[in-house]
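Here are the chains, one letter per residue:
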Amino acid sequence: GHGKCDCGKCKCDEGWYGEACQYPTTCNLTRKKSNEMCKNSQDIICSGAGTCQCGRCKCANSEGNGLVYGKFCECDDRECIDDETGEICTGHGKCYCGNCYCEAGWHGDKCEFQCDITPWEIKRRCTSPDGKICSNRGTCVCGECTCHDVDPTGDWGDIHGDTCECDERNCKAVYDRYSDDFCSGHGQCNCGRCDCKEGWTGKKCEHPRSCPMSVEESAKKCQGNSDLPCSGRGRCECGQCTCFPPGDNRVHGKNCECDDRQCENADGDVCGGHGICSCGRCICQDGWFGKLCQHSRKCNMTEEESRSLCESADGILCSGKGSCHCGKCICSPQEWYISGDFCECDDRDCDKHDGLICTGNGVCSCGNCECWEGWNGNACEIWLGREYP
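Residues numbered from 1 in each chain as written. Predicted model: local features only at pLDDT ≥ 70, side-chain atom pairs only at ≥ 80, totals over all residues. Heavy atoms only, no water.

A. Here's a closer look at the overall build of the protein chain. A tally of helices and strands in the protein chain yields 4 helices and 38 strands. With the principal axes as the frame, the protein chain shows a C-alpha extent of 80 × 70 × 30 Å. Buried positions account for 38% of the 389 residues belonging to the protein chain. For the protein chain, the share of sequence-separated contacts (at least 6 apart) that also reach a separation of at least 24 residues comes to 28%. Surface accessibility of the protein chain: about 23000 Å² in total, with carbon and sulfur atoms responsible for 47%. (Helix = DSSP H or I, 4+ residues; strand = E, 2+ residues; numbered from the N terminus. Buried < 20%, exposed > 50% of the residue type's maximum accessible area, 1.4 Å probe, protein only. Contact = heavy atoms within 4.5 Å. Areas by Shrake-Rupley, 256 points an atom, 1.4 Å probe, with all protein chains shown as cover.)

B. The arrangement of the side chain of T90 in detail. One can find T90 in the loop between β8 (75-76) and β9 (93-96). A residue is classified by how much of its surface remains accessible, and T90, at 10% relative accessible area, is buried. A polar contact is formed between the side chain of T90 and the backbone oxygen of K110, at a distance of 3.0 Å. Contacts of T90, omitting those with residues within four sequence positions, involve D82, T85, K110, C111 and E112. (Polar contact = N/O pair within 3.5 Å; in protein donor to acceptor, adjacent residues only side chain to side chain.)

C. Broad picture of the environment of N170. Along the chain, N170 turns up in the loop between β16 (166-167) and β17 (187-190). Given the relative accessible area of 40%, N170 is considered partly exposed. In the structure, N170 is positioned 33 residues away from K203 in sequence and 9.2 Å away in space, judged by C-alpha atoms.

D. Spotlight on the domain arrangement of the protein chain. Per the domain assignment, the segments making up the protein chain are domain 1 (3-73) and domain 2 (350-383). For domain 1 and domain 2, the distance between their C-alpha centres works out to 31 Å. (Domains from an automatic or database assignment.)

E. Representation of a negative patch on the surface within the structure. On the surface, D83, E84, D109 and E112 cluster together to form a negatively charged patch. By secondary structure assignment, the location of E84 is in the loop between β8 and β9. A relative accessible area of 77% places E84 in the exposed class. (Patch = residues over 30% accessible without salt bridge, like charges linked within 9 Å, V, L, I, M, F, W, Y side chains within 5 Å. Salt bridge = Lys/Arg side-chain N within 4 Å of Asp/Glu carboxyl O. Lys, Arg positive; Asp, Glu negative; His and termini not counted. Charge placed at Lys NZ, Arg CZ, Asp CG, Glu CD.)

F. Structural detail: the environment of S306. Topologically, S306 is positioned in helix α4 (residues 303-310). Sequence spacing of S306 and C326 is 20 residues, and the spatial spacing of their C-alpha atoms is 5.1 Å. Those residues in contact with S306, other than ones at most four positions away along the chain, are M301, C324, H325, C326 and G327.

G. Representation of the state of the cysteines. The full count for this structure, using the stated rule, is 33 disulfides. Here C80 pairs with C95 through a disulfide, and the sulfurs are 2.0 Å apart. Taking the sign of the S-S torsion, about 70 degrees here, the bridge from C80 to C95 comes out right-handed. Of the two residues, C80 sits in the loop between β8 and β9 while C95 sits in strand β9, which places them 15 residues apart along the sequence. Judged by relative accessible area, C80 falls into the buried class, the value being 1%. (Disulfide = S-S within 2.5 Å.)

H. The arrangement of the pattern of salt bridges in detail. For the structure on display, the rule yields 14 salt bridges. The salt bridge involving R233 is made with D259; its shortest N-O contact spans 3.3 Å. Here R233, found in the loop between α3 (215-223) and β21 (234-237), pairs with D259, found in strand β24 (residues 258-259); they are 26 residues apart in sequence, far enough to count as distant. Here D259 falls in the buried class, since its relative accessible area comes to 2%. Across the pair R250 and D248 runs a salt bridge whose closest N-O atoms are separated by 2.8 Å. Take R250: its relative accessible area is 29%, and that puts it in the partly exposed class. Residues joined in a network through salt bridges with shared partners are K71, D341 and E344.

In structure tokens, the structure reads:
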């Protein structure tokens, strides 16, 4: 929006420069504010692979090859170049954000190794009984599955089998994420299936046979208006919910439907200090708005200044998925999954477990789960804290 395209190249308007006319020649931001906008999730400015210019990263591509890119210069395709041949992925794969994705019959970090069996045999050996490659829980390399082990210690984990067909996580009830117990502590897990002890029944041995309700009636009573019994945040036993995490009173309600952790930002501030939390939702003070009361209704900058801070590198205001207020993008509330400084992220890309994004134990940040303290795993499904009593 700050120039014209002429034969595939941008001719920028006065006051703008860059390949896409994305950088203003004069900057109204302080150096500190600019650098803050350029920090990646590890608080490194432009991932150490570029310079920060008025709140936007300019990646280091001294030879004009475009191998370093991304909003925070986080993608470095030079990692894909083979030292011996000098080719990207040795010519046997495609590079995406510094990782090689190999063609059939090739493997290795840079697709440098060729398999000694045919692609058809590779697929046959890696196909699980349900017809999926490594049960969608592993990577097939030359006919052998490497399972995505979820144990952070590096020991034998929850996913195993020749084709990763055994997923012991299927034996864990929602509340069992806080302990080492399988099958609610009332059964034995065999390749992802619970064999219950006498006196217990249910898919995860969660239901006492002495209960006058059926398994279905108990789950329905615990479910209330949620999609999962106890909203996926507690144990359902004979129609009664016990909320977890253990000892954390921020999760409460008859069906554990209130999760006040949702009112906190990454620093643990409740509603940004500008509101109160009511059953997981912020009620903002006058003069503030937003999901976490993070936006002030007052603004001390012009409309033009505000818009310039809301434009992504391609010149689109808030990626076309939100509105701009005082230099910050407010993403469309109708599309709950849209997030990011420029509304460029899709939180549906975040990993799920037990049907919950980030397992309910973290927040989805630009397609990746940021876990709360005591949690680990791609979907924050691994409890690293103390066992509950």
